[in-house]
Structure formats: structure tokens, C-alpha cells
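Summary of structural features
Single-letter residue listing:
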Amino acid sequence: ISASSGGVESAVIGDGLLGNGTAGNPLRVNPAAVPTFFTGTATLNDWGTITAAACQEKTFAMGGAVASDAVIPRWPATLPAGLTGVMYVPGANTVAVRLCNATGADVAVANGSTFGATILRSF
């Protein structure tokens, strides 16, 4: 929507835009209002063996992550059967990966598995 005032068009903006459309203050996307996402990956080693009915946790750095963020996990294809997992942001710039063994037997986790996380921010 635009309106004319003295022959000059002006933009009416909503929550998704910033600026007034001038050269000094151009229209731009408001990152606080428009959904954005970013991703990170890490190869996490030294899990060893997760004993029956136990959990282990590792963390990796992910710049921009904040404790209120929700995480969409990407699990390695080589993750052993019987393990369940969750990813969360325990603090600034950090993603935690928690693996739990839901079986009655110990489960070995091989080194070299890459874990991924996507953080989606929206309105």
C-alpha cells in the first residue's frame, strides 16, 4: 500500500519490513518478524558405549543459537538402532546432542558420525 504526499510516494510497511523506502532508509526485511533459519553440523566422537537405559550428551558450537531456540535435528544415517535422541540449545552458540539407549543391552556408537541442527525463527 502506498500513499502520495506532495508528489512523493511513501510506503506503508507492516511487521515484515523495515525502512521507509528512501535512499537513506531503504525497505528491507525485518529479521525479527520474518522466519529465518540457519544450520550447523559437527562430527561428534568419543561416545564410546552407551549402557542400557542410560544417556550421554555432547555439544557443538553453532554461532547465533540462543537458549530459547527450537532445534530440528538431523541424525546420522549410521546412528545405531535402539538409540533415541534429542537436540536443544543449552546456552548461547551451543547445540547439545543427547543420545539415550532405550534397549536392555549396551550400544556402541562409532566415531565419525556427523550430526546436524537447523534452527528456525519465526514471528
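What this report covers is the structure whose coordinates are included nearby. All values derive from a computational prediction rather than experimental measurement.

Section: the packing of aromatic side chains
How two aromatic rings sit relative to each other is set out by the distance from centre to centre and by the angle between their planes. Counted by the stated rule, this structure contains two aromatic pairs. With 5.9 Å between their ring centres and 45° between their planes, tryptophan 47 and phenylalanine 115 make a pair best called tilted. One end of the pair, tryptophan 47, is in the loop between strand S5 (36-44) and strand S6 (48-50); the other, phenylalanine 115, is in strand S12 (residues 113-121), and 68 residues separate them in sequence. A relative accessible area of 2% places tryptophan 47 in the buried class. For phenylalanine 115, a relative accessible area of 1% puts it in the buried group. Lysine 58 extends its terminal NZ or CZ atom over the ring of tryptophan 47, reaching a point 5.6 Å from the ring centre.

So, the sheet that holds strand S9 (residues 83-91)
Judged by pairing direction, the sheet is antiparallel, and its three strands sit side by side in the order S7-S10-S9 without closing on themselves. Where the open sheet ends on each side, the last strands, each with one partner, are strand S7 (55-61) and S9. Each strand of the sheet is rotated relative to its neighbour by a mean of 25°, with strand direction disregarded.

Calculation rules
Counting of residues starts from 1 at the beginning of each chain's written sequence and follows it residue by residue. It should be noted that, the model being predicted, local features are given only for residues of pLDDT at least 70 and side-chain atom pairs only at 80 or more, the latter also being counted only at that level, while totals for whole chains, interfaces and linings use all residues. Only hydrogens and water are removed before side-chain values are computed, so all heavy atoms of the structure are retained for them. Pairing of aromatic rings covers Phe, Tyr and Trp, the last through its six-membered ring, and needs centres within 6.5 Å; plane angles under 30 degrees mean stacked, over 60 mean edge-to-face, and all others mean tilted. The helix count covers DSSP runs of H or I at least four residues long, the strand count covers runs of E at least two residues long, and both are numbered beginning at the N terminus. Burial classes follow relative accessibility: with a 1.4 Å probe on protein chains only, a residue under 20% of its type's maximum area counts as buried, one over 50% as exposed, and anything between as partly exposed. Two thresholds decide whether a charge sits over a ring: the Lys NZ or Arg CZ must be within 6 Å of the ring centre and within 35 degrees of the ring normal. When DSSP finds at least two bridges between two strands, those strands are taken to pair. Orientation is described by lines fitted to C-alpha atoms, with helices fitted over the stretch in contact, and by angles between N-to-C directions that extend from 0 to 180 degrees.

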